[in-house]
Amino acid sequence: MTLILGIDTSCDDTGVGIAELHPDGHVTVRANRVWSQTVHASYGGVMPELASREHVERIDAVMQDALKEADVTVHDLGAVAATSGPGLVGALLVGLMYGKGLAQGLDLPFHATHHLEGHIFAAASDADLQPPYLALVVSGGHTHLFDVPKEGQYDLVGATRDDAAGEAFDKVARLAGLGYPGGPAISEAARHGDPKAVPFKVPLAGQKGYEFSFSGLKTAALLAHRAGAKPEDLAASFQAVAVKSLVQTTTRAARDLGRRTVVVSGGVAANTALREAFQQTELRVVFPGKGLNTDNGAMIALAGAAAIRAGRLAHGLDDGATAYAP
Ligand code: KG4
Ligand code: ZN
């Protein structure tokens, strides 16, 4: 049994988690603690310098909470993993340096982890999840569709041309006066609205590829709002078309590439309408467990566990933080 500590400070959440890699290869989450920063609310977006400072102030307390939750001490850890990118460089550096220092001090192997690999492995506690599969990462920063033909290989088959899906949820919620964070606000308001009230068109309908686009929908939502659409109807109609676009394109890619399993992860994967729509397809759809959709440290620990299991714990202490990580 190996315990892996995972740290994510890529944006505005200070996340520390602990995963357990069992001798038979399956993994479980032992702890998952996240401190979500609220200092940005009055700015309407994340302030990078404030995010870095908050991570510095919080990371040790979050780490202690995670150890307590797992009922272990640092001396029980077998490896450390931390996000090295993509993200805000100053924010990333806090968790990365904290993790490296810990690994060096305790003489443990260290795994510099790609944030999106973390999102994908958030679903890894599902014992039956084995490549090949498709992975759709839908968050505030990403709408990326990967083909995963084998462990550790991620082939990008499609991405958004403009805004990420979560960003569109956040912006539509803001213009409709539904509050922040936008995803849960839209989801809640949509329960009381008519999804057919605003006739949004599915973006890139008829395309041969697997791209996504959300900026046109955002503009269409603004125009509908100005024309007097009710916030609940706007929320329901926007959510319906966003879900349709994500599900249709992913299903078509799965069919074309011969994949039967799809992992759907990232903050937007918490959306109930999206989950229900995917469950109605012929695909086997795997979602991360509770608390593992939005940014967290446990998903980084799970990615570290997968790297150990596959014998590719190779990055070591030399990797720096990178804002852009292809
Ligand atoms: O993965 P995440 O925590 O951070 C990034 O890496 O971006 O995702 C945050 C995004 C936000 O845009 C938020 O509005 C969206 O996920 N989100 C949702 C829901 N919960 C969070 N979007 C739709 N429905 C939800 N229930
Ligand atoms: Zn993320």
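Thresholds applied
Residues numbered from 1 in each chain as written. Chains lettered and ligands numbered in written order. Predicted model: local features only at pLDDT ≥ 70, side-chain atom pairs only at ≥ 80, totals over all residues. Near = placed C-beta within 6 Å. Domains from an automatic or database assignment. Pairing = 2+ DSSP bridges. Helix = DSSP H or I, 4+ residues; strand = E, 2+ residues; numbered from the N terminus. Axes fitted to C-alpha atoms, helices over the stretch in contact; angles between N-to-C directions. Core = buried A, V, L, I, M, F, W, Y, C linked by C-beta atoms within 7 Å. Buried ≥ 20, exposed ≤ 12 C-beta atoms within 10 Å, placed from the backbone. Contact = placed C-beta atoms within 7 Å.

Engineer: How should the site of ligand 1 be read in this particular structure?
Structural biologist: The environment of ligand 1 is formed by 20 residues, the closest being Gly140, Gly166, Gly183, Gly267 and Thr294. Of the domains in this structure, domain 1 (2–123 + 292–318) and domain 2 (133–286) are the two that each give at least three residues to the shell around ligand 1.

Engineer: Explain the sheet that holds strand 9 (residues 261–265) to me, please; I cannot follow it from the model alone.
Structural biologist: Neighbouring strands of a sheet are bound in pairs by backbone hydrogen bonds; such pairs are parallel or else antiparallel. Ordered in space as 8-7-6-9-10, the five strands form an open sheet in which the pairing is mixed. Among the strands making up the open sheet, the edge pair consists of strand 8 (155–159) and strand 10 (284–286). Averaged over all pairs of adjacent strands, the angle between strand axes in this sheet comes to 25°, irrespective of strand direction. Sheet topology places strand 7 (residues 143–148) next to strand 8; four bridges connect them, and they run antiparallel.

Engineer: Would you take a moment to explain the nonpolar core for this structure?
Structural biologist: What tends to happen in soluble globular proteins is that the nonpolar side chains get buried as a cluster. The biggest cluster of nonpolar side chains holds 103 residues, and the ones touching the most others in it are Ala19, Ile186, Phe238, Ala301 and Leu302. Examining the composition of this core, we find that twelve residues originate from one element, helix 7 (residues 231–257), more than from any other. Each of domain 1 (2–123 + 292–318) and domain 2 (133–286) accounts for three or more of the residues forming this core. Leaving out residues up to four positions away in the same chain, leucine 302 has contacts with Ala19, Val27, Phe121, Ala122, Ala124 and Ser125.

Engineer: Please clarify how unusual backbone geometry should be interpreted in this entry.
Structural biologist: A negative phi angle characterises most non-glycine residues, just as the trans form characterises most peptide bonds. Residue proline 86 is reached from glycine 85 by a cis peptide bond, and omega for that bond is -5°. Position of proline 86 among the secondary structure elements: in the loop between strand 4 (79–85) and helix 2 (89–106). Even without being a glycine, aspartate 107 presents a positive backbone phi close to 55°. Mapping aspartate 107 onto the fold places it in the loop between helix 2 and strand 5 (110–114). The class for aspartate 107 is exposed, based on 6 C-beta atoms found within 10 Å. Phi is positive for leucine 204, which is not a glycine, with a value near 55°. According to the C-beta neighbour criterion, leucine 204 is partly exposed, with 18 such atoms within 10 Å.

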